[in-house]
Amino acid sequence: MKNSFILLLIFLSFIGCKQAGPNISVPTNYDGTYRAATMSIGGFSRGKTAKRAKNVIFLIGDGMGISQVSAAAIKNNNILFIKQFPVIGIHNPQPLEGLITDSAAGATAFATGVKTFNGAIGVASDSSVVETILEQCEKAGMATGLVATSTIVHATPASFIAHRPSRKQYEEIASDFMKTEIDYFVGGGKRYFDRRSKDDRNLIEELQKKGYIVDNYFETDFIDLEINAKSNFAYFTADDDPIPFSKGRDYLLAASKAGINFLNQHDDPSDSKGFFMMIEGSQIDWGGHANDADYVISELLEFDKVVGEALRFAKEDGETLVLVTADHETGGMAINSGSTVDSLKISFSSGYHTADLIPVYAYGPGSELFGGFYENTAIYNKLRSALGFDVKK
């Protein structure tokens, strides 16, 4: 814990201030072979600028605290895209009661600007429905998307699209997808859509009747897909939880890049409103729960490649805000005395989440809003402000 506190003090010293689109195919066979060292984003003011963000790419590394980022950087020759952000802030992840948040309350804070109880999905402390930033972007005519390395009905993605008092209501959360017009989503959990225990609905068939192109890992590998940007798109990567990256999961980078391009092309070119996309590196958290440093690092390095792709797009586009943070830290991970570049001595103080403060990294129009120290709920209002929406009091 002492080591984590020292790292936090060091970190603090560096804080910086739908309408269908054209019938365009989106390539998916992308391997992200470039390195962070080959791309420097520099200050945003040096490139194209915009008064507000037209697009938002919100990347959440579940369970990703300072020690997790530090370990991944060390194991990758101190090269990470995350290290290139010009604006850094810190958020306090505490839920409504107590000090330790779970992913549901944490993501609900990001998505709605409301502190709530652990386990809550898109609802306030009295279980009343609170509209999410994704739903508000839909109403504003923006294209929207979700990608996760968990099931798509897991706590973090669910909190942007569903409204349930318990994160364990997976089938009910899946049903909430039918109440939106989300344009693109990729993740596990197919069985909660087509082999349900609480009713006879086949939500995949319902999605198809709504005009979605739906595919899954049983039928086609994601990298072999050719996605039509004219139709809404859903892809299931697993029947339940996807496997870890180290055991062969390989879709996050391809699905994220394809999703960014899809949403950018799906938007009506004659009246472009932009897009909102949330991408979660879900299993960084799972490695922390397992107290498995190799698991944490491999997941974070994969996630960092996605961060790099988002930054590349934003740098070229000039109208995209890229935001990276975590809902909480997991495991009380620390890099201990005696560590070397070749041999990290890593310990964990917990098998659950901690109350550690969490870094926030921002790039693009509106990024200046994210410097400093604030509650996790402030991220919601900062996103609304960056997009030019009225800020809710």
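Higher on the page you've got the structure.
For the structure given in this document, a descriptive report is provided here. (Residues numbered from 1 in each chain as written. Predicted model: local features only at pLDDT ≥ 70, side-chain atom pairs only at ≥ 80, totals over all residues. Heavy atoms only, no water.)

### Some remarks on helix H12 (residues 378-387)
Of all 10 residues in H12, 7 are buried; the element is thus mostly enclosed. For H12, every residue scored as buried is listed here: Ile379, Tyr380, Lys382, Leu383, Arg384, Ala386 and Leu387. (Buried < 20%, exposed > 50% of the residue type's maximum accessible area, 1.4 Å probe, protein only. Helix = DSSP H or I, 4+ residues; strand = E, 2+ residues; numbered from the N terminus.)

### A closer look at the pairing of strand E8 (residues 233-236)
Taking every second residue as pointing to the same face, both faces of E8 are buried, with Phe233 and Tyr235 on one and Ala234 and Phe236 on the other. Across 4 bridges, the pairing between strand E5 (residues 184-188) and E8 is parallel. Residue pairing across strands places Tyr184 opposite Phe233, the latter belonging to E8. Relative to E8, strand E6 (residues 213-216) runs parallel, the two sharing 4 bridges. The partner of Asp215 across the bridge, within E8, is Tyr235. (Pairing = 2+ DSSP bridges.)

### Digging into the packing of aromatic side chains
A full pass over the atoms with the stated rule returns 16 aromatic pairs. Consider the rings of Tyr170 and Tyr192, whose centres lie 5.1 Å apart with planes at 45°: the pair is tilted. Placement of the pair is Tyr170 in helix H6 (residues 170-177) and Tyr192 in helix H7 (residues 191-194), with a sequence separation of 22 residues. Pair check on accessibility: Tyr170 and Tyr192 agree, each one buried. Here Phe275 and Phe313 contribute two aromatic rings whose centre-to-centre distance is 5.9 Å and whose plane-to-plane angle is 55°, an arrangement assigned as tilted. (Phe/Tyr/Trp six-rings, centres within 6.5 Å; stacked < 30°, edge-to-face > 60°.)

### Topic: the environment of Gly89
You can see Gly89 is positioned in strand E3 (residues 87-92). A relative accessible area of 0% means that Gly89 is categorised as buried. Between the C-alpha atoms of Gly89 and Tyr374, which are 285 residues apart in sequence, the distance is 8.0 Å.

### Here we look at the sheet that holds strand E10 (residues 320-325)
In spatial order, the strands read E6-E8-E5-E4-E9-E2-E10-E15-E3-E16; together these 10 strands make up an open sheet with mixed pairing. For this open sheet the edge positions go to E6 and strand E16 (372-375), each flanked by a neighbour on one side alone. Averaged over all pairs of adjacent strands, the angle between their axes in this sheet comes to 15°, without regard to strand direction. Across 5 bridges, the pairing between E3 and strand E15 (residues 358-363) is antiparallel. Note on E15: the bridge partner recorded for Ile88 is Tyr361. (Axes fitted to C-alpha atoms, helices over the stretch in contact; angles between N-to-C directions.)

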